[in-house]
Amino acid sequence: YERAILTLLLVLGALFFLRTTGNPLNRNQRIFALSGGLILFNLLLLRLVIEFGDSALAEAAPLLPTIIPYLLPIILGPMIITILVGTRPGILAAGLIATFNAMMQGNSLAVLLVSQLACLVAISACRNIQLRSSLVRAGSLSGAVVAVGALLLGLRNEVAVVTVLYQITASIGIGLLSGILIVGVLPVLENLFKYTTDITLLELTDFNHPLLRKMQLEAPGSYHHS
């Protein structure tokens, strides 16, 4: 009952946020469906990774359960929502995902703080982004934040140095992988939901694009007019 009540309060808080900020999420069903679907998918992915940490396969490797919390791709939903919809919806998604992540890991305040900070760093790094390669950088920065959190928690809990090193490596690795996945997923979502991001628009104005170069040669008047 406790988790059900907390979940209800989170949903009510999110709805109140949408109403008070005049966010486009509550006026556009397509945006709402996209954002809600991304949040649910991200939470499902987190749950699957956590369940894997509790599986028999994980029990065969004693070190794996200590690394699993640092293999969670918490930034996927918030980053994609920030790029496609806006910063405020991205922050809202970050708050929801970070809170549910903490609930799934024993209501840990440390997990909540580290998750929220990692998501906010990723969101800040991908605002007004112009190059797809910058998404990998944003993911790496987020992973570095989680790695610092792993180091500080390891020092506080007197965790073995080898375990902390594995956790730091896992944090940076999952941040990097998340950025790469977002680079691949974005074009699919753009086509599926009929969005055009600033990244795509800038790529279309690249003077080295074959179509633009052909236009310069064969129709220079139309090219300059355009």
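You'll find the structure just up there.
How each quantity is defined
- In this convention, every chain numbers its residues from 1, walking through the sequence in written order.
- Where local features are concerned, this predicted model is filtered to residues with pLDDT of at least 70; where side-chain atom pairs are given and counted, the filter is 80 or more; whole-chain, interface and lining totals use all residues.
- Side-chain figures throughout are based on the complete set of non-hydrogen atoms in the structure, without hydrogens or water.
- A run of H or I in DSSP becomes a helix once it reaches four residues, and a run of E becomes a strand once it reaches two; helices and strands are each numbered from the N terminus.
- Remark: exposure states derive from per-residue accessible area (1.4 Å probe, protein chains only) relative to the maximum for the residue type, with buried under 20%, exposed over 50%, and partly exposed in between.
- Only heavy atoms enter the contact rule, under which two residues are in contact if any of them lie within 4.5 Å.
- An axis is simply a line fitted to the C-alpha atoms; with a helix, the fit covers only the stretch in contact. Between two such axes, the angle follows the N-to-C directions and lies from 0 to 180 degrees.
- Any angle between 65 and 115 degrees counts as roughly perpendicular, while under 35 counts as roughly parallel, over 145 as roughly antiparallel, and the rest as oblique.
- Left-handed describes a crossing whose near helix is turned anticlockwise from the far helix through less than a right angle; right-handed describes the clockwise counterpart.
- Any residue outside Ala, Val, Leu, Ile, Met, Phe, Trp, Tyr, Cys, Pro, Asp, Glu, Lys and Arg is labelled polar, Gly included; the first ten of those are nonpolar and the last four are charged.
- Throughout this description, the term salt bridge denotes a Lys or Arg side-chain nitrogen within 4 Å of a carboxyl oxygen of Asp or Glu.

Draft legend 1. Fine view of the environment of L63. Considering the arrangement of structural elements, one finds L63 in the loop between α3 (56-59) and α4 (64-67). The exposure class assigned to L63 is partly exposed, which follows from its relative accessible area of 30%. Spatially, the C-alpha atoms of L63 and T163 are 7.3 Å apart, while their sequence positions differ by 100 residues. Ignoring anything within four residues of it in the chain, the contact list for L63 reads T163 and Y166.

Draft legend 2. Fine view of the packing of helix α2 (residues 29-53) against helix α6 (residues 87-104). Two elements in contact, α2 and α6, have axes whose closest approach is 10 Å; the angle formed by their N-to-C orientations is 25°. One way to sum up the angle between α2 and α6 is to call them roughly parallel. With respect to the hand of their crossing, α2 and α6 are arranged in right-handed fashion. Mapping the contact onto sequence places I39, N42, L43, L46, R47 and I50 in α2 and A93, L96, I97, F100, N101 and M104 in α6. Classifying every residue of the contact of α2 with α6 gives 9 nonpolar, 2 polar and 1 charged.

Draft legend 3. Molecular detail of the pattern of salt bridges. Using the criterion set out here, one finds 1 salt bridge in the structure. Put simply, R47 and E51 hold a salt bridge, and the shortest N to O gap is 2.6 Å. On the criterion of helical spacing, the pair formed by R47 and E51 is a turn pair, its members being 4 residues apart in helix α2. Classification of R47 by relative accessible area gives partly exposed; the value is 30%. For E51, a relative accessible area of 38% puts it in the partly exposed group.

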